[in-house]
Every structure is written in structure tokens, then in C-alpha cells.
Amino acid sequence: MNIDPRVRIGPLVLSNPVGVASGTFGYGAEYEGLMDLGRLGAIYTKAVTLEARAGNDAPRIVETPAGMLNSIGLANPGLEAFVARKLPELRRLSTSVIVNVAGSSEADYLRVVEALEEAAGPWSPRSGAGGATGQEGATGVDGYEINVSCPNVAHGGLAFGTDPAQVERLTRSLRAATRRALIVKLTPNVADIVPIAKAAEAGGADAISCINTLVGMVIDTRTKRPALARGTGGLSGPAIRPVGVACVWKASRAVGIPVIGLGGIMCADDALQYLLAGASAVQVGTATFVDPRAALKTLEGILAWMEGEGLAGIGDIGALFGRS
Ligand SMILES: Cc1cc2nc3c(=O)[nH]c(=O)nc-3n(C[C@H](O)[C@H](O)[C@H](O)COP(=O)(O)O)c2cc1C
């Protein structure tokens, strides 16, 4: 059986469904010596904000049972440095690059996307994506993942992602600014993810990704203070996987656009849960800290499983849900 692992996200064809999650893989090039990045379905970069951000005070990471809590606070070199230093590196890569964008106001998000559109130029599909080889014509940006779900910043972040009206308005204004793939990343820190997913679709998103981290706190009983300097942080890792799978299951039944699933994927079996729940693609995050090659191993496992099931395309996996 010949397997076609490609996945379509709006105008973009990913060479396979397994990407690396924002904030857990730097801007990609950092991992070049460790693996063949061209085998990843996509690199979702660390967030880019208008101004450089130092992030929150340390300590900003603490281990938890089956996961970790972080309060990095979107530390990043900012738009200008990203364009000057990171974009040229990203142009060299032969995998699709989705730039994660964050901001504290609607205008911030728009300025980042507009500036990246100008810096990257008109989009042409990266020839490495979709199965071919080489990077001719790569612009360094194949799409945007709009982070309206960061729990670790005082302004913006989560505040946007919990209000359907704001999500729709923001998505619509960004949609008008780009023809590249536009993905809105949702938070699980809401009573119901469905209205937010629908709002992103109504605003013109090509896909949604879910989930970002869950708000959590660890208290050091010795010092009687929170283990993280900021107090709360975002919980990631296997502990949140059932929440993510449930969000994907609900959201994918509510919208017609692809859903990209993430949260606690450590291996192929975990990713298959998301694909069975209705995801079209997945991202591997915290697992990369344990094993930098976790995403590639996940992909190999998915393909082996598909072979065993006699499936030809990624889209066939979801059709098996509920069947044995
Ligand atoms: C250290 C760290 C930094 C992160 N930074 C970002 C970020 O900049 N933008 C974003 O959208 N998500 C960020 N995330 C969230 C992840 O992309 C992902 O949604 C979350 O960790 C759940 O997936 P996982 O359990 O596989 O890690 C970050 C997560 C971690 C652990």
C-alpha cells in the first residue's frame, strides 16, 4: 500500500501531519545538527511579538506529575530581530514554517503579520513541502499560527482567546492581510471551545490548532510560595492529553476547517488518538525536551500503523473513529 502522508491546510500542503509545537523547538535552525528537519511536516516557531520580550522572571519552569508548568511569558527577540536574523535561516529549511504570532492588542498582531508579509514577500509554496526536494523559492514563512491562548502574559494572550467576538474580529483583520495559511491557536481554558472554534472559522481561518497549555500552579511547601516566580504557569505534557483530545473531538465536529491537535503527544499512539478524534495534523511539544527526535519517531509510528490498517491517506484515520 502506497501511503500519501500529505495534509492540506488552506493553501498549504504539509509533507506529513507531524509538526513541532511553538515554543518547544526554538526557530527550527537550532535543531539542524540533531536531525533532518526536512522530514518534519512543519515547524511552528516560537512566538514572535512586535517588540522584543525578556519574558517573566525565573524560575519559569517546574516539573509536574506527567508534565511541566512554564511561565516563559513569550520571551523572544521581537519582530525586527526575527526578520534580520531568523527569517534568512528559515528560508533555507526544506520544511513548511508556520510563524507563531502573539500580541497585546489587535493592532500588534496585525503589525507583525503585515511586516512579515512585506519581509517574506509573496508566498510561493516551498518546493520541499509536498514531497519534492530543494528550497527554491522559499520565502521563510508558509503560514501563521495566531496565539490567542498564552496564559503567561499580563495583557493580550489568553484574554483574546476566551472571547468569540474578539477571536472573529482579529482573525478577520489578519485574513485581510495575508493569503498564507492562517491558523488560530485556541486555549482549553474556557468552558466550551466550540464557540471559539466557530469564531475563528467565521473570521476566515484556514485551520485551528488546539490546545495551548492549561493554567496551573505548583506550591513549594518549604518556602510556602509558588514554585514559579509569576505564580501560575501553563501546564503541558501527557497530563493534558485527554483534555486536548476531547477539545479536538468537539471542535472538529463543529467546524469545517482542519483541526491541528496537540497537547501531551509523546509517541505515535498519542498522536493517533488525536487523528482518530478528528485532527488533520498534530504537533509534538514537551516531548521534544525529553527526546529531540520525538516528532520524527511519532511520524514513523503513524505511518507503520497506517500500513497495518491498510490506509492510504491521513484523512482516512478519522473515518475509523468508533469502529474496531
Ligand atoms: C516552554 C514552552 C514554551 C511555549 N511557548 C509557546 C509560544 O510561544 N506560543 C504558543 O502558541 N505556544 C507555546 N507553548 C505551548 C505549546 O506550543 C503547546 O501548545 C503546549 O505545550 C501543549 O503541547 P505539549 O503538551 O505537547 O507540550 C509553549 C509551551 C512550552 C512548554
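Residue positions are given per chain, counted from 1 along the sequence in the order it is written. Residues qualify for local features only when their pLDDT is at least 70, as the model is predicted, and side-chain atom pairs are given and counted only at 80 or more; totals for whole chains, interfaces and linings, by contrast, use all residues. The side-chain values count all of the structure's non-hydrogen atoms but skip hydrogen atoms and water molecules.

> Is there a simple way to think about the site of the ligand in this case?
Whether a residue is near a molecule or strand is decided by its heavy atoms; if any one of them lies within 4 Å of it, the residue is near. Lining the immediate environment of the ligand, one finds 24 residues, of which Ser22, Lys185, Gly237, Gly264 and Thr286 sit closest. In protein, a polar contact requires one atom able to donate a hydrogen and another able to accept it; more generally it is a pair of N or O atoms within 3.5 Å, and residues adjacent in sequence count only if both atoms are side-chain atoms. In this structure, Ala47 approaches the ligand through a main-chain N or O atom, which is 3.3 Å from an oxygen atom. Within the backbone of Ile211, one N or O atom sits 3.0 Å away from an oxygen atom of the ligand. In these tables, accessible area is a Shrake-Rupley quantity obtained with a 1.4 Å probe, and a residue counts as shielded only by the protein chains included in the view. Summarising the interface, the protein chains cover 97% of the accessible area of the ligand, which totals 610 Å² for the free molecule. Think of a 1 Å grid over just the protein atoms. A cavity is a set of points where a 1.4 Å probe fits yet cannot get out, a pocket is an open set with protein on both sides within 12 Å along at least five of seven lines, and lining residues have an atom within 4 Å of a point. Being in a pocket or cavity means that more than half of the molecule's atoms lie within 2 Å of its grid points. At a threshold of 2 Å from the grid points, most atoms of the ligand map onto the largest pocket.

> Help me understand the sheet that holds strand β6 (residues 67-70) in this model?
Sheet strands line up and pair through hydrogen bonds in the backbone, either parallel or antiparallel. Taken in spatial order, the four strands line up as β5-β6-β14-β11 in an open sheet, and their pairing is antiparallel. Pairing within the sheet leaves two strands with one partner each, and these edge strands are β5 (61-64) and β11 (214-216). If you compare each strand with its neighbour and ignore which way they point, the axes differ by 35 degrees on average. Note: two strands are recorded as paired if DSSP finds a minimum of 2 bridges between them. Only runs of H or I of at least four residues qualify as helices and only runs of E of at least two qualify as strands under DSSP, and these elements are numbered from the N terminus. Where β6 meets strand β14 (residues 233-236), three bridges bridge the pair, whose relative direction is antiparallel. Across the sheet, residue Asn70 finds its bridge partner in β14, namely Gly234. Axis definition: a line fitted to C-alpha atoms, over the contacting stretch in the case of helices. Angles run 0 to 180 degrees between N-to-C directions.

> Honestly, the pattern of salt bridges in this entry has me stumped. Any pointers?
Pairing of side chains with opposite charge becomes possible as their charged atoms draw close. The term salt bridge refers to a pairing of a side-chain nitrogen on Lys or Arg with a carboxyl oxygen on Asp or Glu at a separation within 4 Å. Going through the model one piece at a time under the given rule, you end up with eleven salt bridges. Arg172 is the salt-bridge partner of Glu168, the closest N and O atoms lying 3.2 Å from each other. Linking Glu168 with Arg172, this pair stays in helix α4 (residues 164-175), spanning four residues, or about one helical turn. Exposure remark for Glu168: the relative accessible area of 26% places this residue in the partly exposed category. By relative accessible area, Arg172 is classed as partly exposed at 44%. A salt bridge links Arg241 to Asp270, with the nearest nitrogen and oxygen atoms 3.2 Å apart. One end of the pair, Arg241, is in helix α6 (residues 241-254); the other, Asp270, is in helix α7 (residues 268-277), with 29 residues separating them in the sequence. Burial here depends on accessible area, computed with a 1.4 Å probe over protein chains only, as a share of the maximum for the residue type. Under 20% is buried, over 50% is exposed, and the range in between is partly exposed. Judged by its relative accessible area of 6%, Asp270 is buried.

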